[in-house]
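# Chain and residue survey
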Amino acid sequence: ENARIIETRTTSQVLAGGLFMSKNRRFYLRYRKKPVVVDAFQLTRYVDMVAPDWFTKAVNEEHVFIDRSIVDGAARIYGCTVMTLEGQMRAQVGDYI
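From a predicted model like this one, the values you see are computed outputs, not experimental measurements. (Residues numbered from 1 in each chain as written. Predicted model: local features only at pLDDT ≥ 70, side-chain atom pairs only at ≥ 80, totals over all residues. Heavy atoms only, no water.)

### Overview of the nonpolar core
Our working rule: To qualify as a nonpolar core, a set must consist of buried Ala, Val, Leu, Ile, Met, Phe, Trp, Tyr and Cys residues joined through side-chain atoms within 4.5 Å. Residue burial is assigned from relative accessible area. The probe radius is 1.4 Å, only protein chains are included, and a residue is buried under 20% of its type maximum, exposed over 50%, and partly exposed in between. By definition, any uninterrupted DSSP run of H or I lasting at least four residues is a helix, any uninterrupted run of E lasting at least two residues is a strand, and each is numbered from the N terminus. The criterion used for residue contact is that any of the two residues' heavy atoms lie within 4.5 Å.
Counting residues in each nonpolar core, the largest one holds twelve residues, listed as F41, L43, V47, A51, F55, A58, V64, I66, I77, C80, V82 and A91. Elements with a minimum of two residues in this core: α2 (53-60), β5 (64-71) and β6 (74-84). Looking at which element gives the most residues to this core, the answer is β6, with three residues. If we skip the residues at most four places from it in the chain, F41 touches V47, A51, P52, W54, F55, D95, Y96 and I97.

As structure tokens, this is what we get:
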């Protein structure tokens, strides 16, 4: 009753308090996710020696796979593959995980 339009979009009208009305006049709520604090580190070629414990545990539990190639007879790390609920995510050396 006291709702007022605060923004207009092509597909919906935004009403006060996060209440939305779509073209078919059905109402739904919009929620905002709160920021989450996460642990991170920069992936390096020396990940076997400098990785934090949580990363090493994920590798041991096969949630993370270290990507290596053989160059001149030596194994060289070029990234990693992280298994997530959304699928595989790939990181390269220099990326933050």
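Having seen the structure, we can now continue with the description.
### Some details on unusual backbone geometry
The backbone phi angle of E62 is positive, close to 60°, even though this residue is not glycine. Positive phi values are uncommon outside glycine, yet D72 reaches one of about 50°. Topologically, D72 is positioned in the loop between β5 and β6. Assessed through its relative accessible area of 81%, D72 is described here as exposed.

### A few points about the pairing of β5
For a regular strand, the rule is simple: side chains alternate between the two faces of the sheet. The test is simple: DSSP calls a pair of strands paired once it identifies at least 2 bridges connecting them.
Where β5 meets β6, eight bridges bridge the pair, whose relative direction is antiparallel. Across the sheet, V64 pairs through a bridge with V82, a residue of β6. A loop of two residues connects β5 with β6, the two strands running antiparallel in sequence, and D72 in this loop sits at a positive phi of about 50°.

### A word on the sheet that holds β6
Put simply, the rule reads: Note on geometry: axes are C-alpha line fits, over the in-contact stretch for helices, and angles between N-to-C directions span 0 to 180 degrees.
Strand order in the open sheet formed by three strands is β5-β6-β7, with antiparallel pairing between adjacent strands. Whereas interior strands pair on both sides, the edge strands pair on one side only; in this sheet they are β5 and β7 (87-92). Strand-to-strand, the axes of this sheet are offset by a mean angle of 30°, without reference to chain direction.

### Overview of the pattern of salt bridges
The condition that has to hold: Here, a salt bridge means any Lys or Arg side-chain nitrogen found within 4 Å of an Asp or Glu carboxyl oxygen.
Considering all chains together, one arrives at one salt bridge under this definition. The salt bridge partner of D48 is R68, with a shortest N-O separation of 3.0 Å. In this pair, D48 is assigned in helix α1 (residues 47-50) and R68 in strand β5, connecting sequence segments 20 residues apart. What makes D48 exposed here is its relative accessible area of 55%.

### Let's talk about a nonpolar patch on the surface
The line we're drawing: Note that patches include only residues with greater than 30% relative accessible area and no salt bridge, and the join distances are 9 Å for like charges and 5 Å for nonpolar side chains (Val, Leu, Ile, Met, Phe, Trp, Tyr). Only the protein chains shown count as covering a residue, and every accessible area follows the Shrake-Rupley method with a 1.4 Å probe.
Residues Y46, M49 and V50 make up a contiguous nonpolar surface patch of about 380 Å² in total accessible area. If you trace the backbone, Y46 turns up in the loop between β4 (27-29) and α1. A relative accessible area of 53% places Y46 in the exposed class.

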